[in-house]
Amino acid sequence: MVIAGGADSLSKPPILYNDNVTEALMRANAAKDTASKLRAFATLRPKDLAPRPPELADISSGLTMGQAAEKMARENGIDRESQDIYALESHQKAVDAWEKGVFNDEVMHLHIGPDYEHTATKDGIPRPETTLEALAKLRPVFDRRYGTVTAGNASPLTDGAAAIILMEADTAERLGFAPLAFIRAWAFAGLDPSWQMLMGPAFAGPLALDRAGLTMDDIDVVDMHEAFASQMLSNLQAFGSDTWAKRHLGRDRAIGAIADDKLNLYGGSISIGHPFAATGARQALTMARELERRDAGTALVTQCAAGGLGAALVLER
Ligand SMILES: CC(C)(COP(=O)(O)OP(=O)(O)OC[C@H]1O[C@@H](n2cnc3c(N)ncnc32)[C@H](O)[C@@H]1OP(=O)(O)O)[C@@H](O)C(=O)NCCC(=O)NCCS
């Protein structure tokens, strides 16, 4: 049996200092007496003490995720309004799902310190008050002058954790566990991150479908990680385009358009948040629970990631 998942706390990112500070700390650590410890810091200048804010940059391309999202919006002709409409709908779906109780049995209640008197029972990220007008007023973050990616149409930085248990069907049967869903196939793919870094779903998705012996038409529900609205709309364009499939996958026809009523039924990372290490397990769990509710069907779960990576999973009931 395997427990798969992760936790991220983006409200408390590690703050980095430059190499001079690292070296001084190492010298101080090795020093035998207080005077030597103090001398270890003598070479530091005030500018060395300025912390470097954490940046979500991809080491191979040097681009931040937000810059990659801007590049994809530009190169794929995705305008600001389409991104804002996508983000608004993501919030509406997440708010609606919470109201209908979809997440009730899926989300753990958390007792909040230091006195542990308050218990959080609900996600704080979905915004019932969001409107298209409010989204349209937000300033672009990653390209302040010409950009279209804002705090509203990007996934927010959040804290979160998720976990799932995986096992062979025989093991589940022997131990008396009722599986929520079965993994039919999975795939990872990579692309040049300096091109359109967050196109992973359009590469890993078709590979996982081929391995499952299925096409998009056979899939009942899709959960695609919403890093940014521009990344979602770029991938959706690719899934539905014959030209894209010919050029980038060497296939005769499109992977298959993803119908709106199959996609991210309960919102996605834009409205639920994206604690990096937890998102994959969160998506797989929501889709497994959806198949359990329907007691039938197949789901495609897919993500993009830094480094131009893509992941995809085909689940079935
Ligand atoms: C975009 C980003 C920089 C914004 O960070 P931030 O400025 O701290 O974001 P905030 O939540 O404070 O939002 C900024 C403003 O937008 C507003 N806003 C955000 N979402 C909104 C929405 N849906 N509707 C209306 N207003 C919204 C906030 O209320 C806030 O307004 P205020 O300044 O008046 O309080 C950050 O979320 C980010 O880096 N996201 C990308 C994460 C990423 O790279 N993921 C990797 C994907 S693979």
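Data block above holds the structure.
Description of the structure in this document. (Residues numbered from 1 in each chain as written. Predicted model: local features only at pLDDT ≥ 70, side-chain atom pairs only at ≥ 80, totals over all residues. Heavy atoms only, no water.)

**What to know about the packing of aromatic side chains**
Applicable threshold: Paired rings are identified among Phe, Tyr and Trp, the last through its six-membered ring, by centres lying within 6.5 Å, and are further divided according to the angle between planes into stacked (under 30 degrees), edge-to-face (over 60) and tilted (the rest). Note on exposure labels: buried denotes an accessible area under 20% of the residue type's maximum, exposed denotes more than 50%, and partly exposed covers the range between, all computed with a 1.4 Å probe on protein chains only.
For the structure shown, the criterion picks out six aromatic pairs. Aromatic side chains Trp98 and Phe103 sit 5.2 Å apart centroid to centroid with 50° between the ring planes, which places their arrangement in the tilted category. Take Trp98 and Phe103: they sit in the same class, and that class is buried. Among the aromatic side chains, those forming a connected cluster through ring pairs are Trp98, Phe103 and Tyr266.

**A short note on the nonpolar core**
Buried together is how nonpolar side chains tend to be arranged in soluble globular proteins. How we decide: Residues enter a nonpolar core if they are buried and are Ala, Val, Leu, Ile, Met, Phe, Trp, Tyr or Cys, with the set joined through side-chain atoms within 4.5 Å. Runs of H or I in DSSP of at least four residues are treated as helices and runs of E of at least two as strands, each being numbered from the N terminus. Only heavy atoms enter the contact rule, under which two residues are in contact if any of them lie within 4.5 Å.
In this structure, Leu198, Met216 and Val314 are the most contacted members of the largest nonpolar core, which totals 46 residues. Elements with a minimum of two residues in this core: α3 (65-75), α4 (80-100), β5 (182-190), α8 (200-212), β6 (221-224), α9 (229-239), β7 (298-305) and β8 (309-316). Residues in contact with Met216, not counting those within four places in the same chain, are Leu209, Val222, Phe239, Ile255, Gly256, Ile258, Lys262 and Leu300. Among the nonpolar cores identified, the runner-up in size contains 22 residues, and Phe103, Val221, Ala278 and Leu313 belong to it.

**Details of empty space enclosed by the protein**
Formally: The definitions used throughout rest on a 1 Å grid laid over the protein atoms alone, on which a cavity is an enclosed set of points accommodating a 1.4 Å probe that cannot get out and a pocket is an open set flanked by protein within 12 Å on both sides along at least five of seven lines; lining residues are those having an atom within 4 Å of a point. Grid points are joined across faces, edges and corners, and a volume is the space filled by probe spheres set on the points. Classification used: nonpolar for Ala, Val, Leu, Ile, Met, Phe, Trp, Tyr, Cys and Pro, charged for Asp, Glu, Lys and Arg, polar for all others including Gly.
Applying the stated criterion to the full structure yields one cavity of 30 Å³ or more. Space inside the largest cavity adds up to approximately 40 Å³. The element best represented in the lining of the largest cavity is helix α12 (residues 276-294), accounting for three residues. Taken together, the residues that form the lining of the largest cavity break down as five nonpolar, three polar and two charged.

**Things to note about the site of the ligand**
We count it as follows: If a single non-hydrogen atom of a residue is within 4 Å of a molecule or strand, that residue counts as near it. Between N or O atoms, a polar contact is any pair within 3.5 Å; within protein, one atom must be a potential hydrogen donor and the other a potential acceptor, and residues adjacent in sequence are included only when both atoms are from side chains. Accessible surface area values rest on a Shrake-Rupley calculation with a 1.4 Å probe, where residue burial reflects the displayed protein chains alone.
Contacts to the ligand come from 19 residues, most closely from Leu56, Met65, Arg127, Thr130 and Ser155. Within the side chain of Thr130, a nitrogen or oxygen atom sits 3.2 Å from a nitrogen atom of the ligand. Note that a nitrogen atom of the ligand is positioned 3.0 Å from one of the backbone N or O atoms of Ser155. Relative to its free-state accessible area of 990 Å², the ligand is covered by the protein chains to the extent of 63%. Grouping the amino acids of the shell around the ligand by side-chain chemistry returns twelve nonpolar, six polar and one charged.

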